[in-house]
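Each chain, letter by letter, is given below.
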Amino acid sequence: MVSLETLPQEIFNRIALALDVADLGSLAQVSRSLCKMARCDDLWIERVSADFGDREVIVELLAESGVDISELLDATTDLVPWRLPHSYQHGDRIPADPTYTGHGLRCYRERLARVAPTSEDEYVDRVKHSEAEIDRVKLMLREGPQASEEVFVEAAFRLVLVQEWFPASAECYYLWALICYMRNTLKPALAFLSIAHDINSDFAPVHELQAEVQSMANGVFGVAGQAPLLDESCSGPSPQLAKALALIFNHFDRDRDGVLNMSELGAVVRVTNGQPAPPAMITQIVGTFGGQISSRSGRKVAGWDLGSLTNFYVAQTMQDPQETRQDMAKFGFDPHTLCKV
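Residues numbered from 1 in each chain as written. Predicted model: local features only at pLDDT ≥ 70, side-chain atom pairs only at ≥ 80, totals over all residues. Heavy atoms only, no water.

A.B. asks: Could you clarify how one ought to interpret a negative patch on the surface in this entry?
C.D. replies: Together, Asp-68, Glu-71, Glu-149 and Glu-150 make up a region of like negative charge exposed at the surface. Assignment of secondary structure puts Asp-68 in the loop between helix 5 (55-64) and helix 6 (70-75). The exposure class of Asp-68 is partly exposed, given its relative accessible area of 45%. (Patch = residues over 30% accessible without salt bridge, like charges linked within 9 Å, V, L, I, M, F, W, Y side chains within 5 Å. Areas by Shrake-Rupley, 256 points an atom, 1.4 Å probe, with all protein chains shown as cover. Salt bridge = Lys/Arg side-chain N within 4 Å of Asp/Glu carboxyl O. Lys, Arg positive; Asp, Glu negative; His and termini not counted. Charge placed at Lys NZ, Arg CZ, Asp CG, Glu CD. Helix = DSSP H or I, 4+ residues; strand = E, 2+ residues; numbered from the N terminus. Buried < 20%, exposed > 50% of the residue type's maximum accessible area, 1.4 Å probe, protein only.)

A.B. asks: Can you walk me through the environment of Gly-287 in this structure?
C.D. replies: Among the secondary structure elements, Gly-287 is positioned in helix 15 (residues 279-289). Separated by 73 residues in sequence, Gly-287 and Gln-214 have C-alpha atoms that sit 33 Å apart.

A.B. asks: Got a minute to help me understand the packing of helix 10 (residues 170-182) against helix 11 (residues 186-199) in this structure?
C.D. replies: Relative orientation and spacing of two packed helices are given, respectively, by the angle between their axes and the distance between those axes. At their nearest, the axes of helix 10 and helix 11 sit 8 Å apart, and the two run at 165 degrees to each other. On the basis of the axis angle, helix 10 is roughly antiparallel to helix 11. Read as a crossing pair, helix 10 and helix 11 show a hand that is left-handed. Packed against helix 10, whose contacting residues are Ala-170, Tyr-173, Tyr-174, Trp-176, Ala-177, Cys-180 and Tyr-181, the element helix 11 presents Leu-186, Pro-188, Ala-189, Phe-192, Leu-193, Ile-195, Ala-196 and Ile-199 at the interface. Residues that form the contact of helix 10 with helix 11 fall into these classes: 15 nonpolar, no polar and no charged. (Axes fitted to C-alpha atoms, helices over the stretch in contact; angles between N-to-C directions. Parallel < 35°, antiparallel > 145°, perpendicular 65-115°, else oblique. Left-handed = near helix turned anticlockwise from the far one by under 90°. Contact = heavy atoms within 4.5 Å. Nonpolar A, V, L, I, M, F, W, Y, C, P; charged D, E, K, R; others polar.)

A.B. asks: Sorry if this is basic, but what is going on with the environment of Asp-320 here?
C.D. replies: For Asp-320, the location among the structural elements is in the loop between helix 16 (306-319) and helix 17 (321-330). Taking the relative accessible area as the measure of exposure, Asp-320 reaches 33% and is therefore partly exposed. As a C-alpha pair, Asp-320 and Val-220 span 100 residues in sequence and 8.7 Å in three-dimensional space.

A.B. asks: How should the nonpolar core be read in this particular structure?
C.D. replies: In globular proteins that are soluble, nonpolar side chains generally tend to be buried together. Formed by 76 residues in total, the largest nonpolar core has its most connected members in Ile-69, Trp-176, Leu-186 and Met-328. Broken down by element, the residue count for this core peaks at 12 residues, all from helix 10. Core analysis: the second largest hydrophobic core is formed by 17 residues, Met-37, Leu-43, Ile-45 and Tyr-108 among them. (Core = buried A, V, L, I, M, F, W, Y, C linked by side-chain atoms within 4.5 Å.)

Here you go:
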């Protein structure tokens, strides 16, 4: 007959995570074996994440958006530890064998104490401080997508300090989602919004941003059998769009020199706009996405190479994915599959 004491630690942890902390404490008093298993470091580190928010997930989602707060986290002394220290790790991986040092339990107790103020005055002070931090973050984000990477990093880190005291703050997750959206990373933004919704489904800003990001994601990644326009990070074209753009480039590169010159680029714009473009407009878009490009013969030509065409459509897609699909149709591609018709 299988008993709890004979279970692998990993299976025991799954069961223990479903128990209330008080019930887990009672279980630990049944026997010495269960007491040891209940003190597993990994169990309590996971419990910190389950009860107070998974900071590793927060860090990873932000990193996917190019917002790396790891250095600030490592340097600060204002946060309770949420993972095993490096002395318990081998390289970057925690050993397979569980440890029972009590570190995980200490982390949990310290985090619990952090979110449970000792007096009403302390609670009021925390609320005031957190509201001030959130107001500061909102002010920083008013710069919009043009804000520097340093601004986004500092804003994201300040939200971690707020979440340390108020782990059930839907507004923190909403603002992290907004940072990701400003950085043109849709899937991390949706992941943060999903967590915010789980915390507080009545927080209106989450619904509004979620609808906007989901609409953009549907256009970018496609729905109902549509081919995606961009890759997962939204930083480059999908394989389908890349193939279509290469065919378009080769079609309009009449002299086969590897550059769409002013005349050839004008022909591209004539297809998408339905009418000839003024020379000043062609000059402007050459300057924005291209320039003096080395042709296959080595001669410098004012225009676009394939990378310029690709960068233009990546930027346009993040503004209006439907316009990109409409352009593909004008070039003779199926707007849904991006295949040549």
